[in-house]
Amino acid sequence: MEEILKNLPEKAKDKHKENKKFFAKLRKKPPKDLDRQMQEMHDEEFSRTNCLDCANCCKTTGPLFTNKDIERISKHLKLKPQQFIEQYLRIDEDNDYVLQQVPCTFLAADNYCLIYDVRPKACREFPHTDRKDFHKISNLTLKNTAICPAAYNIVEEMKRRIKAVHEQSTFSA
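A short tour of the structure in this document, coming up. (Residues numbered from 1 in each chain as written. Predicted model: local features only at pLDDT ≥ 70, side-chain atom pairs only at ≥ 80, totals over all residues. Heavy atoms only, no water.)

1. Examining the pattern of salt bridges
Thought 1: Scanning the model with the defined rule gives 15 salt bridges in all.
Thought 2: Across the salt bridge formed by Lys 159 and Glu 18, the nearest N and O atoms sit 2.5 Å from each other. Of this pair, Lys 159 sits in helix α8 (residues 149–172) while Glu 18 sits in helix α1 (residues 2–28), and the two are 141 residues apart along the sequence.
Thought 3: Judged by its relative accessible area of 41%, Glu 18 falls in the partly exposed class.
Thought 4: In this structure, Glu 44 engages Arg 161 in a salt bridge whose closest nitrogen and oxygen atoms are separated by 2.5 Å. Placement of the pair is Glu 44 in helix α2 (residues 34–48) and Arg 161 in helix α8, with a sequence separation of 117 residues.
Thought 5: Using a relative accessible area of 30% as the deciding quantity, one classes Glu 44 as partly exposed.
Thought 6: One salt-bridge network, held together by shared partners, links Asp 33, Arg 36, Glu 40, Glu 44, Glu 157, Arg 160 and Arg 161. (Salt bridge = Lys/Arg side-chain N within 4 Å of Asp/Glu carboxyl O. Helix = DSSP H or I, 4+ residues; strand = E, 2+ residues; numbered from the N terminus. Buried < 20%, exposed > 50% of the residue type's maximum accessible area, 1.4 Å probe, protein only.)

2. Quick word on the sheet that holds strand β1 (residues 64–65)
Thought 1: A sheet is described by the order of its strands in space; here three strands give the open sequence β1-β3-β2, paired in antiparallel fashion. In this open sheet, the two edge strands, each paired with only one partner strand, are β1 and β2 (89–91). (Pairing = 2+ DSSP bridges.)

3. Details of the packing of aromatic side chains
Thought 1: One pass over the full model with this rule turns up six aromatic pairs.
Thought 2: Where Phe 84 meets Phe 106, the ring centres are 6.4 Å apart and the plane angle is 20 degrees; that geometry is what we call stacked. Of this pair, Phe 84 sits in helix α5 (residues 81–88) while Phe 106 sits in the loop between β3 (97–99) and α6 (121–125), and the two are 22 residues apart along the sequence.
Thought 3: Its relative accessible area of 0% is what places Phe 84 among the buried residues.
Thought 4: Among the aromatic residues, those joined into a cluster by ring pairs are Phe 65, Phe 84, Tyr 88 and Phe 106.
Thought 5: Note that Arg 119 overlies the ring of Tyr 116, its terminal NZ or CZ placed 3.8 Å from the centroid. (Phe/Tyr/Trp six-rings, centres within 6.5 Å; stacked < 30°, edge-to-face > 60°. Lys NZ or Arg CZ within 6 Å of the ring centre and 35° of its normal.)

4. So, the nonpolar core
Thought 1: Residues Phe 65, Ile 70, Ile 73, Phe 84, Leu 89 and Phe 106 are the most contacted members of the largest nonpolar core, which totals 14 residues.
Thought 2: Counting only elements with at least two residues in this core, the list comes to α4 (67–76) and α5.
Thought 3: The leading source of residues in this core is α5, at three residues.
Thought 4: Setting aside chain neighbours within four positions, we find Phe 106 in contact with Leu 77, Phe 84, Tyr 88, Tyr 112, Cys 113, Leu 114 and Ile 115.
Thought 5: If you look at the next biggest cluster of nonpolar residues, it comprises 13 residues, including Phe 22, Leu 26, Ile 154 and Val 155. (Core = buried A, V, L, I, M, F, W, Y, C linked by side-chain atoms within 4.5 Å. Contact = heavy atoms within 4.5 Å.)

5. A closer look at the environment of Lys 75
Thought 1: Note that Lys 75 resides in helix α4.
Thought 2: Between the C-alpha atoms of Lys 75 and Val 118, which are 43 residues apart in sequence, the distance is 9.5 Å.

6. Looking at the side chain of Asp 92
Thought 1: Here Asp 92 lies in the loop between β2 and β3.
Thought 2: Among buried charged residues, Asp 92 stands out as having no salt bridge; its nearest opposite-charge side chain is Arg 90, 5.8 Å away.
Thought 3: With residues up to four places along the chain from it excluded, the contact list for Asp 92 reads Leu 64 and Val 98. (Lys, Arg positive; Asp, Glu negative; His and termini not counted.)

7. So, α2
Thought 1: For α2, which comprises 15 residues, the first-to-last C-alpha distance of 21 Å matches the rise-based estimate of 21 Å (1.5 Å per residue) to within 8%.
Thought 2: Those residues of α2 that sit buried are Leu 34, Gln 37, Met 38, Met 41, His 42 and Glu 45. Looking straight down α2, one finds that the buried residues subtend no more than 135 degrees of arc, so they occupy a single side. (Expected span 1.5 Å × (residues − 1). Arc of directions from axis to C-beta.)

Next comes the structure, spelled out in C-alpha cells:
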C-alpha cells in the first residue's frame, strides 16, 4: 500500500488532463444510468479495497464539519460544541469548519477512527464515488483520485466502461 500511495499523486497528475476532458464530456451528456453504474463500480472496488489498509484521506486531508457534525461529535466526546470547536477545529478560507491539523486527530495508529460511529458526513461519504448526480462533482472526484487509490481505480474503470458503451452505440448506429 505504501508504494501505491507514494505513486498515486503522480499517477493522478499524469491522468489529470485526460480525466478533466472525460468529465467535461460526462457533464454535457451523462449516461441515463450513470448513478447506477457508479454505485456498481463503487461497490465492486470497495469489495476489494479495505480503507484500513490506507487511511490516506485521514492522513492528508481534513473533512468539512457541518453544525450537525459538531453537535453529534461534541456530544459523543462529552464536550460543549464550542469546546469541541476550540479544541479541534478552525475556520478555513471558505468560512467552513475544518480540522486544525492533519493527519486527523481522531485517527489511531492502526488506521481506525476513534469517532467512527459519529464521524463527519464528509468522512462517511468519502470518496463520494457512489453519490447521486455523480457527474456534478467532477472537480472533487479529480482531487480525490490523487488521495484515494479506490477513487483512482473507479475513475479508470468508469472511463473504460463508458468509453466501451459509447463506442458500441456509435458502431451500431
